[in-house]
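What the coordinates show
Read off the chains here:
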Amino acid sequence: MPTKHLLKIEDLHHSFGSNQVLKGVSFSLNKGETKVIVGPSGTGKSTILNNIIRLVPPDQGKIYLEDTEITATKKINEVRQQIGFVFQDFGLFNHLTALGNIMVGLTKVKKMTKQAAAELALNELDRVGLKEFSDSYPSQLSGGQKQRVGIARALAMQPKLILFDEPTSSLDPELTGEVLKVMRNLAEDGMTMLVVTHEMGFARSVADELIFMEGGHIIEQGDPEQLFTEPVHQRTREFLFQLTDLYGEGGA
Amino acid sequence: MDNLDLIQQALPYLLEGTVVTIELTFWSLLIGIVIGLPLAFGQVYGNKALKFVIAIYERLARSIPLLVMLLLLNYGLPRLGLRIPVFRAAVIGIGLRSAAYQSQIYRGAIQSVGGSQLKAALSLGMSRFKAFFYIIAPQAIRIAIPPVANESAIVLKDTSLAFTIGVVELLRQGEYYIATSNKPMVIYLTVAFIYFVLTTLVNGGLSLFERKYQIPGIGIEGGHSDAY
Ligand SMILES: Nc1ncnc2c1ncn2[C@@H]1O[C@H](COP(=O)(O)OP(=O)(O)O)[C@@H](O)[C@H]1O
Ligand SMILES: [Mg+2]
């Protein structure tokens with residue numbers, strides 16, 4: 001039954017040409033949960049997120065948002081409004097101010113009035129600590145600020161769930177903390193989040209579940225602490241410790 | 001006769017030709033936009049076959065010297081029973097070539113906005129059409145302004161080739177006046193000066209526009225070099 005979960009993924013397969021990337025991935029997310037996906041680069045993490053909102057439609061498998069089968073719906077734009085997406089390279093609209101970036105989805109997609117959209121957008125900017133930067137263009141913001149605008153833009157759409165694709169990977173190390181802090185606050189406020197990241201500190205302290213993927217499969221998933229301390233698979237231990245060595249406990 | 005007097009006498013005729021030069025420029029650029037834009041869309045969003053056909057068109061239009069093109073239209077086509085008035089023949093020839101160059105400008109501008117912004121727009125629930133209209137186009141237009149200014153100046157100058165098929169534009173009027181006055185230096189210099197003023201106006205106008213709509217981080221900051 002797909003009704004219990006907010007997001008349910010069943011037996012996802014995806015190939016690019018002859019490159020078989022996802023070989024049967026299943027997991028689900030309950031309302032208010034934060035799950036973190038880790039795994040080596042090229043293992044299909046981004047593909048899963050892109051499959052979920054059908055930026056890249058999956059070859060096989062089913063994805064549900066509550067009762068809606070995303071993989072079958074004819075109203076994909078309505079589904080996308082309900083799922084926020086935060087990109088590694090921010091994806092900010094360069095011709096719009098921070099406020100404009102947040103407003104454009106509200107006015108052009110949700111058909112809100114300019115005034116209502118501006119008010120909501122300003123609130124979301126405040127929530128990520130960027131109220132004073134509402135008139136700044138992306139080129140005038142630091143990487144960390146850009147990503148916080150990206151998060152505010154996703155939040156303003158009042159999504160049921162937010163997907164994060166390596167939100168701190170293109171930031172200088174000293175800027176990751178401000179973004180992780182915003183994400184941590186969101187998780188505490190009960191936002192449902194699916195996060196692809198290498199930040200093990202964040203995973204250990206925020207995630208309800210950690211999913212370790214490799215070679216198109218989920219190798220192991222469970223309580224983050226347990227995966228770190230007593231993983232079932234030796235490979236999980238190797239990978240997690242290698243990550244912790246590389247990236248440290250960062251931003252925890 | 002004094003040179004200044006000569007210029008003064010020639011000026012009304014030269015200005016008459018200038019009007020024709022401006023008309024040639026306007027219509028040629030318009031054809032360039034009307035054909036160039038769909039070509040650019042085809043290059044960006046079309047399938048392989050369409051892209052291939054457009055690429056061939058662009059290569060042809062850019063490889064044939066404009067003079068040869070104009071001669072073909074004016075002296076070649078009538079042999080096939082198709083006679084086009086010289087003004088139109090000139091506009092078609094110059095316009096078809098400009099379409100190839102403008103297509104490349106628009107394609108580059110659209111592509112330079114980048115896939116990650118398109119992804120972001122779609123992720124908000126925008127249709128492709130909305131994403132193009134609200135996100136890509138506003139940036140692409142700004143990026144295209146400097147090269148379009150440049151292309152406009154090139155078209156303006158190349159309308160002078162229309163004189164070879166008998167369009168009475170600025171250069172042709174100059175030739176008439178040289179025939180009666182026998183003062184080529186003065187007249188050609190005056191003609192050159194008028195072209196200089198016109199190209200400066202075109203570039204100045206477009207860079208005013210560019211500055212008015214300037215957004216930090218979009219296009220080439222600090223102004224573009226006038227590569228004409
Ligand atoms: N649009 C695409 N076209 C072809 N191959 C792709 C495309 N996107 C991703 N891939 C390939 O799919 C594999 C998985 O990519 P991705 O999901 O981005 O991995 P990850 O996010 O885990 O690093 C990689 O081998 C990558 O090269
Ligand atoms: Mg990735």
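Before going into details, it helps to say that this report is about the structure given with it. (Residues numbered from 1 in each chain as written. Chains lettered and ligands numbered in written order. Predicted model: local features only at pLDDT ≥ 70, side-chain atom pairs only at ≥ 80, totals over all residues. Heavy atoms only, no water.)

1. Observations concerning the site of ligand 1
Residues and elements named next belong to chain A. Looking at ligand 1, the residues that line it are F16, N19, V21, P40, S41, G42, T43, G44, K45, S46 and T47. The separation between an oxygen atom of ligand 1 and a polar side-chain atom of N19 is 3.2 Å. Sorting the residues of the shell around ligand 1 by element identifies strand 2 (19-29) and helix 1 (45-52) as the ones contributing at least two each. The biggest single contributor to the shell around ligand 1 is helix 1, with 3 residues. (Near = heavy atom within 4 Å. Polar contact = N/O pair within 3.5 Å; in protein donor to acceptor, adjacent residues only side chain to side chain. Helix = DSSP H or I, 4+ residues; strand = E, 2+ residues; numbered from the N terminus.)

2. Focus on the side chain of K35 of chain A
All names here are of chain A. For K35, the position within the fold is in strand 3 (residues 34-38). K35 gets classed as buried once you look at its relative accessible area, which sits at 6%. Polar contacts involving the side chain of K35 include one to the main-chain carbonyl oxygen of S28, which spans 2.5 Å. One polar contact links K35 to E209, side chain to side chain, over a distance of 3.0 Å. Setting aside residues no more than four positions away along its own chain, K35 makes contact with S28, L29, M193, L194, V195, E209 and I211. (Buried < 20%, exposed > 50% of the residue type's maximum accessible area, 1.4 Å probe, protein only. Contact = heavy atoms within 4.5 Å.)

3. Section: helix 6 (residues 128-158) of chain B
Taking 1.5 Å as the rise per residue, helix 6 of chain B with 31 residues should run 45 Å; its terminal C-alpha atoms sit only 38 Å apart, a clear shortfall. At I136 of chain B, helix 6 of chain B shows its strongest bend, of approximately 45°, with the proline P138 of chain B following within four residues. (Expected span 1.5 Å × (residues − 1). Bend = angle between axes of the 7 residues up to and from the residue.)

4. Considering the side chain of H14 of chain A
All names here are of chain A. Position of H14 among the secondary structure elements: in strand 1 (residues 7-16). On the basis of relative accessible area, H14 is assigned to the buried category, the value being 4%. A polar contact is formed between the side chain of H14 and the backbone oxygen of P57, at a distance of 3.5 Å. One polar contact links the side chain of H14 to the main-chain amide nitrogen of D59, over a distance of 3.4 Å.

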